[in-house]
Protein chains: 2
Amino acid sequence: MSERATLTARGLARQEALIETATDLFLGKGFDAVSVDEIVAAAGGSKTNIYRQFGNKTGLFTAVVERMSQEFLSPLDQLVLGPVDLEIGLQILGRTLLGQLLTPKHIAFQRMVIASSVQFPDLMTHWYEVGPRRSQSIFRSQIEKSSGAPELAVLFHDMLVTEPVTRAMMGRPMAAEDVEAHIQSAVRLVISGV
Amino acid sequence: MSERATLTARGLARQEALIETATDLFLGKGFDAVSVDEIVAAAGGSKTNIYRQFGNKTGLFTAVVERMSQEFLSPLDQLVLGPVDLEIGLQILGRTLLGQLLTPKHIAFQRMVIASSVQFPDLMTHWYEVGPRRSQSIFRSQIEKSSGAPELAVLFHDMLVTEPVTRAMMGRPMAAEDVEAHIQSAVRLVISGV
DNA sequence: CCAAAATGATACTAAATCGTATCAAATCGG
DNA sequence: CCGATTTGATACGATTTAGTATCATTTTGG
């Protein structure tokens, strides 16, 4: 019986290297287009590691996505705003959120999640819960403080995020100053509705 | 030299059947997960058709996507609004647009376009031009008639479309009455900003 | 009605790839 | 320091699949 869930120091290091390498490859080409041999060649070690530690290719993919979902928890969760004006508050929240969403890594992640939502449906649902939904709920509490209607939060989120993210996903990202102007427009509009 | 670009009646029929069958399969499983043999088995005829009429699997995929892009030209392009109130106008436009975007076929199409944007980058750009961009421009002319700022068009489009479409893509579509309420909210907010 | 051309069925090649098995090397515990 | 266990390298089997080639069948056009 050589079947043990033992974790040697070396084994852990390999596991780490595998996840990181696999992350880059999966983000770059998608689940199907990356072969197990390719991952091993780039990470070192051998296929034995993958199949003993993650079961199979899908297991590794799941581990990769879970790790990234952690990393991409809505950045607004940690941000604590003092008592600020609604306009200023929404600007800060918006800037913070877009700052993370527009990183190349997050753009690739979002694309990958949508792409694999046929094969792995739960993945997209989970991402949506810990990402957009959470961000919306932060917006909601901020807006409700100024007695705005709760549905404004979703509307604000979508008009803030969609255009810049879509542009980035197409490989035609907006210039930083255009993003800033976009934030201003979105904030102005939602405030006019409070 | 039996290399001719001849189009027999039977040949055209097969071409048609191939495109339609391939459309369903590609929409359902994505480019990579559909094999050429699978398409042929479902469409009738034989692989010869695909490789003589479309060159290779990619050629067939391109034909499928081009056909669908035609089909999914922004439905607002044909719609001619008489002289109506801005509120009524935006409601009609919004309802018409969502009516098309929320069909299962369009949801699958959008998912497929994003999914294959790594392998086929031009595809997403083209879809964006003939779809969202065009819709936004119709919104823009409607809004400018009431002397609203042009950037409101993009904001309105995104807050109208994003939430219902994302929900549908996750397999958790909004109820029809919720969609209608959503349209109302979006229209109300954009009007408050004109 | 018949030859020429197009279409259809199918066998086949070559390559990729997942997962396993086998054996060698490094590492750990006592 | 040594035996047991974990990790590494690699060969291998089995399967899938894109694209080609070959030959039979149907259609077309004169």
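On a predicted model such as this, the values are computed, not experimentally measured, just so you know.

Describing the protein's contact with DNA strand D
- In the vicinity of DNA strand D lie 20 residues, with Arg14, Gly45, Asn49 and Arg52 of chain A together with Lys47 of chain B positioned nearest.
- The sugar-phosphate backbone supplies 66% of the atoms of DNA strand D found within 4 Å of the protein.
- A distance of 3.2 Å is found between a phosphate oxygen of DNA strand D and a side-chain nitrogen or oxygen belonging to Tyr51 of chain B.
- Going through the elements one at a time, helix H1 (9-29) and helix H3 (47-53) of chain A together with helix H3 (47-53) of chain B are the ones with two or more residues in the surface near DNA strand D.

Some thoughts on the protein's contact with DNA strand C
- Lining the immediate environment of DNA strand C, one finds 21 residues, of which Lys47 of chain A together with Arg14, Gly45, Asn49 and Arg52 of chain B sit closest.
- Near-protein atoms of DNA strand C (within 4 Å) split between backbone and bases, with sugar and phosphate holding 69%.
- One of the side-chain N or O atoms of Lys57 of chain A is found 3.0 Å from a phosphate oxygen in DNA strand C.
- One nitrogen or oxygen atom from the side chain of Thr48 of chain B is found 3.2 Å from a base nitrogen belonging to DNA strand C.
- At the level of secondary structure, the elements contributing two or more residues to the surface near DNA strand C comprise H3 of chain A together with helix H1 (9-29) and H3 of chain B.
- Its residues placed into classes, the surface near DNA strand C shows three nonpolar, 11 polar and seven charged.

Some details on the packing of aromatic side chains
Residue and element names in this part refer to chain A.
- Summed over all chains, the structure comprises 16 aromatic pairs over all chains.
- Taken together, a centroid distance of 5.2 Å and an interplanar angle of 50° make the contact between Phe72 and Phe109 tilted. With Phe72 in the loop between helix H4 (57-71) and helix H5 (86-101) and Phe109 in helix H6 (residues 104-115), this pair connects stretches of sequence that are 37 residues apart.
- Taking relative accessible area as the criterion, Phe109 reaches 0% and is therefore assigned buried.
- Residues Phe139 and Phe156 carry aromatic rings whose centres are separated by 4.9 Å and whose planes lie at 75° to one another, so their mutual orientation is edge-to-face. Note that Phe139 is positioned in helix H7 (residues 121-145) and Phe156 in helix H8 (residues 152-169), a separation of 17 residues in sequence.
- Taken together, Phe26, Phe31, Phe61 and Phe120 form an aromatic cluster joined through their ring pairs.
- When the ring centre of Phe31 is taken as reference, the NZ or CZ atom of Lys57 above it lies at 4.5 Å.

Things to note about the relation of the copies chain B and chain A
- Turning chain B through 180° and shifting it by 0.0 Å along the axis lays it on chain A, with an RMSD of 0.1 Å. Considering both components of the superposition, the chain copies are consistent with a two-fold axis. Among all residues of chain B, the minimum C-alpha distance to the rotation axis is found for Ala115 of chain B, at 2.0 Å.
- Same-surface contact between copies: 100% of interface residues of chain B are shared with the interface of chain A.

Reading the values: the criteria
- Residues numbered from 1 in each chain as written.
- Chains lettered and ligands numbered in written order.
- Predicted model: local features only at pLDDT ≥ 70, side-chain atom pairs only at ≥ 80, totals over all residues.
- Heavy atoms only, no water.
- Near = heavy atom within 4 Å.
- Polar contact = N/O pair within 3.5 Å; in protein donor to acceptor, adjacent residues only side chain to side chain.
- Helix = DSSP H or I, 4+ residues; strand = E, 2+ residues; numbered from the N terminus.
- Nonpolar A, V, L, I, M, F, W, Y, C, P; charged D, E, K, R; others polar.
- Phe/Tyr/Trp six-rings, centres within 6.5 Å; stacked < 30°, edge-to-face > 60°.
- Buried < 20%, exposed > 50% of the residue type's maximum accessible area, 1.4 Å probe, protein only.
- Lys NZ or Arg CZ within 6 Å of the ring centre and 35° of its normal.
- Least-squares fit on C-alpha atoms with pLDDT ≥ 70 in both.
- Contact = heavy atoms within 4.5 Å.

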